[in-house]
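Chain and residue survey
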Amino acid sequence: MSNITASQRPILAWWLRIAFGIILWTAAYLALAPASAWFASVLPLTRNGALYAAAAFFIYEVPKVLLLLAIVVFVVGVIRTFFSVERTRAFLAGKNEFVGNVGAASLGIVTPFCSCSAVPMFLGFVSAGVPLGVTFSFLIASPMINEVALGLLFALVGWKVAAVYLGFGLAIAIVAGWVIGRLHLESWLEPWVQALRAAPVELPSHKITAAERVDAGIDAVKDIVGKVWLWVVAGIAVGAFIHGYVPNGVLAAIMGRGAWWSVPAAVALGVPMYSNAAGVIPVVEALLEKGAALGTVLAFMMSVTALSLPEMIILRKVLSLRLIAVFAGTVAAGILAVGYLFNILFL
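Quick summary incoming for the structure in this document. (Residues numbered from 1 in each chain as written. Predicted model: local features only at pLDDT ≥ 70, side-chain atom pairs only at ≥ 80, totals over all residues. Heavy atoms only, no water.)

Scanning the protein chain from N- to C-terminus turns up 16 helices and zero strands. For the protein chain, the residues scored as buried account for 46% of the 347 residues in total. Carbon and sulfur atoms form 71% of the exposed surface of the protein chain, whose accessible area is close to 16200 Å². (Helix = DSSP H or I, 4+ residues; strand = E, 2+ residues; numbered from the N terminus. Buried < 20%, exposed > 50% of the residue type's maximum accessible area, 1.4 Å probe, protein only. Areas by Shrake-Rupley, 256 points an atom, 1.4 Å probe, with all protein chains shown as cover.)

What follows is about the packing of helix H4 (residues 97-109) against helix H8 (residues 159-183). Close contact between H4 and H8 brings their axes to 9 Å; oriented N to C, the two are set at 135°. By the criterion of interaxial angle, the relationship of H4 to H8 is oblique. Along this stretch, H4 crosses H8, giving a crossing that reads as right-handed. Counting all contacts with H4, which are made through Glu97, Phe98, Asn101, Val102, Ala105, Ser106 and Ile109, the residues of H8 involved are Leu166, Leu170, Ala173, Ile174, Gly177, Trp178, Gly181 and Arg182. In the contact of H4 with H8, the residues fall into nine nonpolar, four polar and two charged. (Axes fitted to C-alpha atoms, helices over the stretch in contact; angles between N-to-C directions. Parallel < 35°, antiparallel > 145°, perpendicular 65-115°, else oblique. Left-handed = near helix turned anticlockwise from the far one by under 90°. Contact = heavy atoms within 4.5 Å. Nonpolar A, V, L, I, M, F, W, Y, C, P; charged D, E, K, R; others polar.)

Another point: the packing of aromatic side chains. Taken as a whole and judged by the stated rule, the model has three aromatic pairs. Where Trp25 meets Tyr29, the ring centres are 5.2 Å apart and the plane angle is 10°; that geometry is what we call stacked. One end of the pair is Trp25 and the other is Tyr29, both in helix H1 (residues 8-41) and four residues apart, which spans about a single turn. Look at Tyr29 and you get partly exposed, because its relative accessible area is 30%. Here Phe168 and Phe342 contribute two aromatic rings whose centre-to-centre distance is 5.9 Å and whose plane-to-plane angle is 65°, an arrangement assigned as edge-to-face. Of this pair, Phe168 sits in helix H8 while Phe342 is found in helix H16 (residues 321-345), placing the two residues 174 residues apart along the sequence. Taking relative accessible area as the criterion, Phe168 reaches 26% and is therefore assigned partly exposed. Take Phe342: its relative accessible area is 0%, and that puts it in the buried class. (Phe/Tyr/Trp six-rings, centres within 6.5 Å; stacked < 30°, edge-to-face > 60°.)

Time to look at the pattern of salt bridges. Think of it this way: side chains of opposite charge can pair up when their charged atoms draw near. Inspection of every chain in the model, using the stated rule, returns one salt bridge. Glu61 is paired through a salt bridge with Lys64; the nearest N and O atoms lie 3.1 Å apart. Placement of both Glu61 and Lys64 in helix H2 (residues 50-79) is noted, with a separation of three residues, approximately one turn of the helix. Glu61 gets classed as buried once you look at its relative accessible area, which sits at 8%. By relative accessible area, Lys64 is classed as buried at 10%. (Salt bridge = Lys/Arg side-chain N within 4 Å of Asp/Glu carboxyl O.)

Look at helix H6 (residues 132-144): 19 Å from first C-alpha to last across 13 residues, which is about the 18 Å you get at 1.5 Å a residue. Taking burial as the measure, the 13 residues of H6 include 13 buried ones, the bulk of the element. (Expected span 1.5 Å × (residues − 1).)

Take the environment of Pro264 next. Tracing the backbone through its elements, the reader meets Pro264 in helix H12 (residues 262-270). Placed 36 residues apart in sequence, Pro264 and Phe300 show a C-alpha to C-alpha distance of 8.8 Å.

Our focus in this paragraph is the side chain of Ser262. Looking at where Ser262 falls in the secondary structure, it is placed in helix H12. Taking the relative accessible area as the measure of exposure, Ser262 reaches 3% and is therefore buried. One polar contact links Ser262 to Thr296, side chain to side chain, over a distance of 3.4 Å. (Polar contact = N/O pair within 3.5 Å; in protein donor to acceptor, adjacent residues only side chain to side chain.)

Right, let's get into the packing of H6 against helix H14 (residues 294-306). The contact between H6 and H14 brings their axes to 8 Å, and the two run at 120°. Viewed along their axes, H6 and H14 adopt a mutual orientation that is oblique. Considering how the two elements wind past one another, H6 and H14 form a crossing that is right-handed. Where H6 approaches H14, its residues Ile140, Pro143 and Met144 are matched on the opposing element by Met302, Thr305 and Ala306. Of the residues in the contact of H6 with H14, the class split is five nonpolar, one polar and no charged.

Counting residues in hydrophobic clusters, the biggest one holds 71 residues, and the most contacted among them are Phe122, Phe136, Tyr165, Leu315, Leu319, Phe327 and Val331. Among all residues touching Phe122, those that are not within four sequence positions of it are Leu132, Thr135, Phe136, Leu139, Leu189, Leu315, Val318 and Leu319. The next biggest cluster of nonpolar side chains, apart from the first, holds five residues, and it includes Ala104, Val130, Val134 and Phe138. (Core = buried A, V, L, I, M, F, W, Y, C linked by side-chain atoms within 4.5 Å.)

Relative to the assigned elements, Pro272 resides in the loop between H12 and helix H13 (277-289). Placed 36 residues apart in sequence, Pro272 and Ser308 show a C-alpha to C-alpha distance of 5.5 Å.

In this model, H4 (13 residues) spans 19 Å end to end at C-alpha, consistent with the 18 Å of a helix rising 1.5 Å per residue. Taken together, the buried positions of H4 are Glu97, Gly100, Asn101, Ala104, Ala105, Gly108 and Ile109.

On to a nonpolar patch on the surface, then. A contiguous nonpolar patch, built from Trp38, Phe39 and Val42 and spanning about 340 Å² of accessible area, is present on the exposed surface. Mapped onto the secondary structure, Trp38 falls in helix H1. (Patch = residues over 30% accessible without salt bridge, like charges linked within 9 Å, V, L, I, M, F, W, Y side chains within 5 Å.)

The structure is reproduced here in structure tokens:
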């Protein structure tokens, strides 16, 4: 320590602060499962009851999503200090916005977030000036298709289904994002998000220090998480209620019928659910074993991951109801098409 100069000590202090923060966050995240399980176990509830299942779900998901929300917003806040709005937009969208839709949807494959966890990335993209349609391509792809989901599909139902699911999932994300981008609906964002989008990243003329970049990330967490955390909790509460009180037998009975309305019915049933793709795949396997049509089941899976009601509740903080309706309608149309096509191809 005696070799450290006075000018180096603040830098060392910041790096130690970052290391401590990473260790603390990691410890908290690793402790979530056992801590939430213990907390749920001491509740005066019947272990196999619906209320217990809903409570255990809520106790685990709230801190998990908020921790993910904080770290993602922090990282995006730091990254924004390296790039201006114009450079970020050019990097993702380039001269051809459709290429940006393809890039954003592809990025979603390797970011296995649940729908609620992807919302912070949406805010980060919007605040960086990325075109709205490109941002929606990521928002759709991230929860719906990722390497975990594809691996489980491959293991449970075969590579052909996994490959077709990947192709159609990407197609929905890309085309839906492109359509939304062509409609130029930026004015339908909530006013505070428009201001966030319009505000340039203020970079000082001197070289930015590591401490200043960390401060930018912390400020982003305080600003964005402070605005959306209550909506996150409300969305998870809805998902927890459905998780505890909707029986699987009802879903299997409806989706196992060969009627034309089974696909839209499955989508309607999937929307109120809250799960990531990996979490819903075991349900998909069970439903297929009970005789449910493949296209109907996969439409249900897509609606759970890409059109969940909890996600819509959280998005309401940043999007107007009109824009949410356009987003949901565009994605739902693609999911319905995929469901019917799968039922035709895989009889």
